[in-house]
Amino acid sequence: MLVGVGSALLLVTLVVAVTIGPADLAVGEVVRSVAAHLGLGGGDVPRLHDAIVWDLRLPRVLTAAAVGGGLAIAGAVMQSLTRNPLADPYLLGLSSGASLGAVAVLLLGVGLLLPVAAFAGALLALVATLALARSGGSLAPTRTVLAGLAVSQLAAAATSFVIFWTATGDSYREILSWLMGSLAGATWRSVAIAGLALLLVGGLLAGWAGRLDAFAFGDTAAAALGVDPDRTRWLVMTLVALLTGALVSVSGAIGFVGLLVPHAVARLTGPAHRRLLPVAALAGAVLLVWADTLARTVFDPRELPVGIVTALLGAPLFAVLLRRDRAAAWS
Amino acid sequence: MELRIDGVGARLGGRWVVDGVDATPPAGALTGLLGPNGAGKTTLLRLVAGLLTPESGAVLVASDEEAGGWARMADLPPRARARRVALLEQESSATVPLLVREVVALGRVPYRTWWGADPDELAVDRALASAGASGLADRAWTTLSGGERQRVHIARALAQQPELLLLDEPTNHLDVSAQLAVLTFVRDLGTTTVAALHDLNLAAGFCEHVLVLSEGRLAAAGPPADVLTPELLRDVYHVDAEVLTHPRTGRPVIAFAGATTPQALRLP
């Protein structure tokens, strides 16, 4: 049910978001342009409008959808594996680590593919955070968040430093787009990278939904159900780092989506991953497409980094959830 | 399930918490695991469950695949082990509001295919029904009472279709009728069960066999009427007690008269 509603909402969002921008397009034009490119007939769209749809806005909107969906899945999985409602790729430093990896390739000429370098950065940040957070074999929620904060700040500082040191001209804009996230550079290649990572990792995690649920009663319970807690945690966290690396390599580090969407969606679906993960992915996609549409239109012709919009929307929502759930497991 | 505990020992922080325990809980019956706090009951259950590897000895289970017919529990692959052994921890709770049906479905995790399908889709419903928890299926875990939670845990364990059921203090925090209901249920299940119990009268009333641990060692083993004597209760539990016979069930009933001063606290 919710998956159906979410899918319909996402489809409408994608089409409508493509029509919005400095050049006003009609829904019909968007549909005909896409149909023509997919070889389904259509056509008779002015050449300029067709180029705006197919070359500019559609790749950007689809990238936003894939990044939003992926961040939501990454956040949901990290929250259950660490039994920590505050875990997400941004707060635990994975996103900043991925940004640093990406920037190292782009500006220092480290000989790696961009998404691979971002994955390596995310993985290093993950290892650093968990190593700092681990005390006596268990991951205390507060320690984990503090460790994530330290790692995230360090990686962000190093990213800024690298850009500032090497870039010429408008380096502040570039620093901002890696640290706060931006979809301004999205191309069909970004769609492919983020989309493939989302399908691959999301698909694997969907099959593991039951195993992820097993962590709800703690590590011993998971072990008694035949799920090796440490091995599973590392394997799934590595997949999350892979996903985060791919997403950050096309969008920079976007906050709040991974933290908030799983909490909001769990109120509708409950915490079981079989229902939570698909709906969270759809909700994250819809949210980020609209956040990015706002980011590129509100101060037109100037653009905001989309991370500013997600933070502006996310922080108050987060405050509401925090107040409502005061009795629950936030301590 | 045929189970042999063979000279099993394990250390925690350098101290032998379980030390050279030999026991053979009878197949298809309820065995009580008794002993004061800190005697090593929980650790022994984890060793039997294969979640800890013994530093000495071995927990052996009957196996058709091994030469000699016995396999070490700690050597079984985790999924294969989880299909044969279910463990109910003491005080096992979730902070997220999973539905009861989803909690019970956790027992199917060891049977799932790699894409997450359950080869026996009715197993969860059957487990809910036999634990008498069908009416709770759509409730959130976090809204259940203590007795209901224990019932759901048992349904989850049954969904694992285990040959060996390990229960750590299954009657903790339950009112007396819920305590009797839980123990009646597992006794009549016909599955080999080892339950750590604090209440000696429950153990005497329901268990076919009891193992008494004292400071990690096996102090006594056998039918409750033979094992639970005033002498053993004084030596292991430091209590002064009479053992009577229940006029209706014929099972031992322990009537406590008071505590004796433990050896360690006696003045010189």
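Residues numbered from 1 in each chain as written. Chains lettered and ligands numbered in written order. Predicted model: local features only at pLDDT ≥ 70, side-chain atom pairs only at ≥ 80, totals over all residues.

### Things to note about the overall build of chain A
Now for step 1: Counting secondary structure elements, chain A contains 14 helices and two strands.
Now for step 2: By the compact-globule yardstick of 20 Å for 331 residues, chain A fits well, its C-alpha radius of gyration being 20 Å.
Now for step 3: When its C-alpha atoms are laid out on the principal axes, chain A stretches across 65 × 50 × 35 Å.
Now for step 4: Evaluated residue by residue, chain A yields a buried proportion of 55% over its 331 residues.
Now for step 5: Relative to all contacts within chain A whose residues are 6 or more apart in sequence, the contacts with residues 24 or more apart total 73%. (Helix = DSSP H or I, 4+ residues; strand = E, 2+ residues; numbered from the N terminus. Rg over C-alpha atoms; globule rule 2.2 N^0.38 Å. Buried ≥ 20, exposed ≤ 12 C-beta atoms within 10 Å, placed from the backbone. Contact = placed C-beta atoms within 7 Å.)

### Concerning the sheet that holds strand S10 (residues 217-222) of chain B
All names here are of chain B.
Now for step 1: Strand order in the open sheet made by the six strands is S6-S7-S8-S3-S9-S10, with mixed pairing throughout. Across the chains shown, the open sheet's two edge strands, defined by having one partner strand only, are strand S6 (85-88) and S10. Each neighbouring strand pair of the sheet contributes to a mean axis angle of 15°, computed without reference to strand direction. (Pairing = 2+ DSSP bridges. Axes fitted to C-alpha atoms, helices over the stretch in contact; angles between N-to-C directions.)

### A few points about the nonpolar core
Now for step 1: Counting residues in hydrophobic clusters, the biggest one holds 189 residues, and the most contacted among them are Ala280 of chain A together with Val104 and Leu166 of chain B.
Now for step 2: Take this core: its biggest share by element is 17 residues, from helix H3 (residues 47-81) of chain A. (Core = buried A, V, L, I, M, F, W, Y, C linked by C-beta atoms within 7 Å.)

### Digging into the packing of helix H1 (residues 2-19) of chain A against helix H13 (residues 273-297) of chain A
Residues and elements named next belong to chain A.
Now for step 1: One way to put it is that H1 packs onto H13 with a least axis distance of 9 Å and a crossing angle of 20°. As the angle between them shows, H1 and H13 are arranged roughly parallel. Between H1 and H13 lies a crossing of left-handed hand. Across the interface between the two elements, Leu2, Val3, Gly6, Ser7, Leu9, Leu10, Thr13, Leu14 and Ala17 of H1 pack against Pro278, Val279, Leu282, Ala283, Ala285, Val286, Val289, Trp290 and Thr293 of H13.
Now for step 2: The residue makeup of the contact of H1 with H13, split by class, is 14 nonpolar, four polar and no charged. (Parallel < 35°, antiparallel > 145°, perpendicular 65-115°, else oblique. Left-handed = near helix turned anticlockwise from the far one by under 90°. Nonpolar A, V, L, I, M, F, W, Y, C, P; charged D, E, K, R; others polar.)

### Here's the deal with the sheet that holds strand S5 (residues 70-72) of chain B
All names here are of chain B.
Now for step 1: Read from one edge to the other, the open sheet built from four strands follows the order S2-S1-S4-S5, with strand pairing classed as antiparallel. Looking at strand neighbours, the two that pair on one side only are strand S2 (15-23) and S5, the edges of this open sheet. Strand-to-strand twist in this sheet, taken as the mean axis angle between neighbours without regard to direction, amounts to 30°.
Now for step 2: Two strands pair when backbone bridges link them, and strand S4 (residues 56-62) and S5 are joined in this way by three bridges, in the antiparallel orientation. Pairing of Leu60 across the sheet is with Arg72, part of S5.

### What to know about the pairing of strand S12 (residues 252-259) of chain B
Residue and element names in this part refer to chain B.
Now for step 1: As paired strands, strand S11 (residues 239-245) and S12 are joined by seven bridges and run antiparallel to one another. Residue pairing for S12: Thr245 is matched across the bridge by Pro252.
Now for step 2: Counted between consecutive antiparallel strands, the loop separating S11 from S12 contains six residues, among which Gly250 sits at a positive phi close to 75°.

### Quick look at the packing of helix H5 (residues 114-133) of chain A against helix H6 (residues 141-166) of chain A
Residue and element names in this part refer to chain A.
Now for step 1: The contact between H5 and H6 brings their axes to 8 Å, and the two run at 140°. By the angle class used here, H5 and H6 are oblique. Helix-helix and strand crossings are classified by hand; for H5 and H6 the assignment is right-handed. Contacts between H5 and H6 involve Ala125, Ala128, Thr129, Leu132 and Ala133 from the former and Arg143, Thr144, Ala147, Gly148, Ala150, Val151 and Ala155 from the latter.
Now for step 2: Class assignment for the residues of the contact of H5 with H6 results in eight nonpolar, three polar and one charged.

### A few points about the interface of chain A and chain B
Interfaces are often described in size by the accessible area the parts lose on coming together.
Now for step 1: Listed per partner, the contact involves 22 residues of chain A and 25 residues of chain B.
Now for step 2: At the level of elements, helix H8 (188-207), helix H9 (209-213) and helix H10 (219-224) of chain A are the ones that each hand at least two residues to the side of chain A that touches chain B.

### Notes on the environment of Ile154 of chain B
Residue and element names in this part refer to chain B.
Now for step 1: Inspection of the secondary structure assignment puts Ile154 in helix H5 (residues 146-159).
Now for step 2: Judged by the 25 C-beta atoms lying within 10 Å of it, Ile154 is buried.
Now for step 3: Remark: the alpha-carbon pair of Ile154 and Met1, spanning 153 residues in sequence, is separated by 18 Å.
Now for step 4: Contact partners of Ile154, with chain neighbours within four places excluded, come to Ala131 and Phe185.

### Here we look at the confidence of the model for chain A
Low pLDDT marks regions whose predicted coordinates should not be analysed in detail.
Now for step 1: For chain A, mean pLDDT is 89; residues scoring 70 or higher make up 95% of the total.
Now for step 2: Element-level mean pLDDT values for chain A span from 70 in strand S2 (residues 138-139) of chain A up to 95 in H13 of chain A. (pLDDT = per-residue confidence, 0-100.)

### A word on unusual backbone geometry
Now for step 1: For the bond running from Asp300 of chain A to Pro301 of chain A, omega is 10°, close enough to zero to count as cis.
Now for step 2: Residue position: Pro301 of chain A is located in the loop between H13 and helix H14 (306-324).
Now for step 3: We note that His173 of chain B has phi near 65°; this positive angle belongs to a residue other than glycine.
Now for step 4: Positionally, His173 of chain B belongs in the loop between strand S7 (164-168) and helix H6 (176-188).

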